[in-house]
Structures are given as C-alpha cells and as structure tokens.
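# Analysis of the macromolecular model
Given next are the chains, with one letter for each unit.
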Amino acid sequence: MVNNNLLKTALGGIFLFALHATNNAAGNNHQRPNKLMRLNPELLIKVGGISKMRKILLLTLTAVFQLLSFQVVNAKIKLPAIVSSNMVLQRNSHVTLWGWADPYEQIEIKASWLMNTLQLEADKAGNWRIEVKTTKSKEPQIIELHSKTSDITLENVLFGEVWLCSGQSNMEMPVKGYNGQPIFGSLSAIARSNNPNLRLFTVNPGGSKTPLKDVEKYISWQQATPESVSDFSAVGYFFGQQLQEILDVPVGLISTSYGASSVEAWMSKEVMNRYQEINLENVDITKNPNKTPTALFNSMIHPLIPYTIKGVIWYQGEANRREPVKYKELFPAMVKDWRTRWGLGDFPFYYVQIAPFLYNNKNDIELETTKNSAFLREAQLECLDLIPNSGIAITLDIGNAEFIHPPKKKEVADRLLYNALNQTYGFNAVDYASPRYDSHEIKDGGIVLSFKNAEAGLYCFDKLEGFEISGNDKIFYPAEAKIVDRNKIIVKSEKVTEPKAVRYAWRNWVIGTLYATSLLPVSSFRTYVDDPVDGWAVTGNPEKYFSATTYKLLESTPESIQIKKLKHLK
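Residues numbered from 1 in each chain as written. Predicted model: local features only at pLDDT ≥ 70, side-chain atom pairs only at ≥ 80, totals over all residues. Heavy atoms only, no water.

### Digging into the packing of helix H11 (residues 324-342) against helix H12 (residues 374-382)
Viewed as axis vectors pointing N to C, H11 and H12 meet at an angle of 25°, and their least axial separation amounts to 9 Å. On the basis of their axis angle, the class for H11 and H12 is roughly parallel. Crossing of H11 over H12 shows right-handed handedness. Judged by residue contacts, Pro 324, Tyr 327 and Lys 328 of H11 engage Phe 375, Leu 376, Ala 379, Gln 380 and Glu 382 from H12. Across the contact of H11 with H12, the residue classes break down as five nonpolar, one polar and two charged. (Axes fitted to C-alpha atoms, helices over the stretch in contact; angles between N-to-C directions. Helix = DSSP H or I, 4+ residues; strand = E, 2+ residues; numbered from the N terminus. Parallel < 35°, antiparallel > 145°, perpendicular 65-115°, else oblique. Left-handed = near helix turned anticlockwise from the far one by under 90°. Contact = heavy atoms within 4.5 Å. Nonpolar A, V, L, I, M, F, W, Y, C, P; charged D, E, K, R; others polar.)

### Digging into the sheet that holds strand S17 (residues 467-470)
Judged by pairing direction, the sheet is antiparallel, and its four strands sit side by side in the order S18-S17-S21-S23 without closing on themselves. Each having just a single partner strand, strand S18 (476-478) and strand S23 (525-526) make up the two edges of the open sheet. Bridge count for S17 against S18 is three bridges, and the pairing is antiparallel. Pairing of Ser 470 across the sheet is with Phe 476, part of S18. (Pairing = 2+ DSSP bridges.)

### Topic: the environment of Gly 185
Within the secondary structure layout, Gly 185 lies in the loop between helix H5 (169-172) and helix H6 (186-191). In this structure Gly 185 comes out as partly exposed when scored by relative accessible area, which is 48%. As for Gly 185 and Pro 407, which are separated by 222 residues in sequence, their C-alpha atoms are 9.1 Å apart. (Buried < 20%, exposed > 50% of the residue type's maximum accessible area, 1.4 Å probe, protein only.)

### Things to note about the sheet that holds strand S20 (residues 488-492)
Read across the open sheet, the four strands follow the order S14-S15-S20-S19; overall the sheet is antiparallel. Unpaired on one side and paired on the other, strand S14 (436-443) and strand S19 (480-484) mark the two borders of the sheet. Sheet twist, expressed as the mean angle between neighbouring strand axes with direction ignored, is 25°. Bridge count between S19 and S20: five bridges; the pairing is antiparallel. Within S20, the position partnered with Ile 483 by the bridge is Ile 489.

### Here's the deal with unusual backbone geometry
The residue after Ile 305, namely Pro 306, is reached through a cis peptide bond having omega 15°. Assignment of secondary structure puts Pro 306 in the loop between helix H10 (295-301) and strand S11 (311-315). Positive phi is not limited to glycine here, since Ala 260 has a value of about 60°. Among the structural elements, Ala 260 can be located in the loop between strand S10 (251-257) and helix H9 (269-272). The backbone of Thr 294 sits at a positive phi, close to 80°, despite the residue not being glycine. As for its position among the elements, Thr 294 is in the loop between H9 and H10. Exposure remark for Thr 294: the relative accessible area of 1% places this residue in the buried category.

Put into structure tokens, the structure is as follows:
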C-alpha cells in the first residue's frame, strides 16, 4: 500500500510542474499566479489572462488530482480471493483471516458465531491478519468487516474439512475428462453431484517470477453442482465427495494444479536455491511456467497461505520420471517447506504413485536406466520414510498403456481417502497401506519374499505375473511366483539355479497382479539397489545411498525414523 500523504504530495508536485510548464509555453506573457492561485486553478481561470489551451490543461490536471486523491482517501478493505462468501473454514480450529487496507486502518470483524466484535489495525504497509476460533457447527455463518470506508459481508460460510488438491495433469483432469480421454463413471458422478455441503475453489494455471499476494486467475468458492463439478479435479472431487458423505460434515476442496508441471515449479526459491541457483529476472514466464523452478509456487501456492487447511492430496511425478534420485530429495523438501510456511505442523500429505504407462512405446529395453519409470515409482515409495505423516496411493493395477491419464480416477481417490480415513480421522478398521517388500531369503532353489503390511495376507485374482529372477550374472528371467503361507511369495526359474535377486513389475508399462487381502495393490519393487562397488547390493542397508543433501533434510526432521539409521553418515 502507498502512503496517502506521500502520494498526495507527489500528485501536487506534478500539478504545479505542469502549471509552470504552461506558463513557460505561453512565453510568460502574463504575470505568474500567486501562491493561492497555484493551488486553486479555478480561481486563476476566473481572473483571466490564461489562454484557452492552458485553461483546458489546468482543468484536466485538477480533475485528475481530485480523482486520485479521492481514491487514496477512500481505499477499501481488500480480501484475498480465497476469503469470500461460500467458503469453507476448517472446523473447530484457529483459522486465519487476512487482507489489505490503508496503513493503520482500524477494522472491526463481526462473526455470527462469536459473542464479541474483533478489533484490529492494519500495519504501516496496510497488511492485516487475525486468527479466529471456529466451532463444529454445521450451520451457515456470516462474517462482517467494517472500517471507515468499507462494509463487507461474507455469507453462507461453512465450517468443515478443508483439503488442498495439487499436482500436474492427473490431478487437474476434470470430472468430465479430457478430449478423447474419459473418466470412468463421470456422467453418474456429475448427475448426482448437487451438494450444498461440498464447496469448490479452483486456482487456474499460471506462473509468476515472484511470490504473489493473491491469485490472479481463479474460480471462486461455489457449491458442488453438475456445472461446477464437471470442470473440477476428478481425483479431488471423488475424494471430497466421499469424505463429506462419510464424515457428515461440510468439506472444502481447493484445486491448484498445472499439467506437465515439475516438482521444482512447486518449490519456493529459498528451498530451490539449496539445489540450484534460481534467477528468473530474464526468464519469459509466459513460456513453460510449469517447468520453471518456483514459478507455480509463486503464483498458485504462496497466495493461498495462510488459509487454514486440514491436509494435502498430491498427484505428480510424471514430469520428473527420469530423475528419481533427485526427486527423492526435492519432493520431501517441498513438503517440509509447505508445512513450515503454513505453520500448521506436519499436516497430512497423501500422494499418488505414478501409474504405469508405455512411455515412448518402449517397455523391454534399458530397464536398468531411468528411462524405466519403475525407478521413479520406487523413489516415490521410499519418500514415505522421508515425509512424516504421509501416505501413498499405489496405482500399479489401474494404469493405461495408451493414455498417461488413467480413466480410473475414482479408484485413485479411494486409495487417498483410505489414507485420510485411517491416519487422519481415526477409522482404524479401514486398511490404507499396501503391502511393501521387506526382506527375502534364498531357499529351496528360489527366493522367498516377505512383506510389511501383509498381516492379513496376500492375494491375486488369477495368476501372479511380472516377477523376474536373476543369479550372479545379473541377467533377469521371467519367473514363476506363488503365494505361500498366505503372506509370503516364493519366486523360481529353471534358468536360475543359484538365485541372487528378484524384481516385480519393473517396466514402464505393466499391470499389477499382487494385492493385499483388502485389494490394495503392491508397488513395483526390487530386492537390490545399485552399488558402485560390486554392481548391486542386496537391500537391507539402503540408507547408505542417501545423498548428503537428503541427510541434511532428514537431520532437521526429528519425526523421521530414518534419522536413527543415518547417524553414521555424519
């Protein structure tokens, strides 16, 4: 905000300079006006001696000066786009309301659920901010803001659960689908979507070189209807609609996604500078902002802070699929930075593992290079150990070879929802964690695999496929795999008499066949990791492959179980 007195002084100076210029232009044929006349051009004109051209110029300048002065004196309270009528505020918590006004403006806030009026004052820059306690009420609320020049009423405000939905095109993909790429069940979902207790807010894609105070392009809070739901994030909607029904409370969804975006674009400059120097001064931000480090954080995340949220659901990774090691550093760093900036503690962060897809129509070559997206899926799975209070939705069984946007978005949302229900809302009977490879032993000419999160057993619909086995020659052969003891798997091949390692679904395109009894699919995995000394190493000590940057991140995150494992790296 600009200081009123400074602006008025500047405008007055411009006015007097223009007046002096008109005198000079006229050849100084007339006596210069006295001080009073300089400040009162109408009086100057009345006493005569000024040409018609100069009269018009002076009157024009006077009108501009008065108009701008009026606008400065009567500056209104301004709210961020996300603070508006029809919004959902996080229930039974302390939420933040904020905005802008004149410097030191006195503001009153009346809320229908509060007994007392809140009084606050904008700071010297015109910024104001206040925390307000919400309740568990399901009734619509009203918020009134008053100042000398403003009377703002926010109506139909609800208290509920607020979730941020972010990522790239698989999160952005609307319920109605993309051109030629459907969402299964979309018509039924749209037809049944009318719900006054489900509210939607959308940040439209766009980038910025610097952090913005407010979003520039958006669709304001609106009730879920066939029209609004049709264009909203499918994963976000299916997640929120079911959450609202199960909890029987209002739910607010904030969609802020950008197709083909890299994780770097969603990170702040302060954090990205730890990995590479960011300078966007000479960058054309209109070209590929989704690939420009910090550009989407600046425009699509920063303006939403500090709007109080319950948690985040995230679907991104395809744009970083050839940099799995880097992703395993950047993604946890992004999450940590968002949490720090929101100041809400380690709020829930549930994310989707990228689905199988036939990238570049290649599936059976270069399987041990990062052209194989299985490495990125592995990195995403390992991020569970690096990000406190996180969860993952495995999608190995619901990909599509031809479309990078799988049509089974409800299944994706379901698996995110199970994480939220169990870990955030205490539905302990709802299973959420897919079985995860834990250890193995060489036995009876094969390799027996054991899994975490498999206490209730493993399952396959027909026949286990996608397993490969290798000996010391490191040549992998298709293998037979069977479930034994209900929660273990034995893998064998006649071509491998002295087995060394196993991998499962280690391809760009594959259809997962291994599940928990609850039908949560198992991620692709391998029983070895790359080792620069002897070519590979059996897993069991993967922490030695963390980089120094990742270790530094973990060291500052006491909640992580990995810290204890990494102490020897200091």
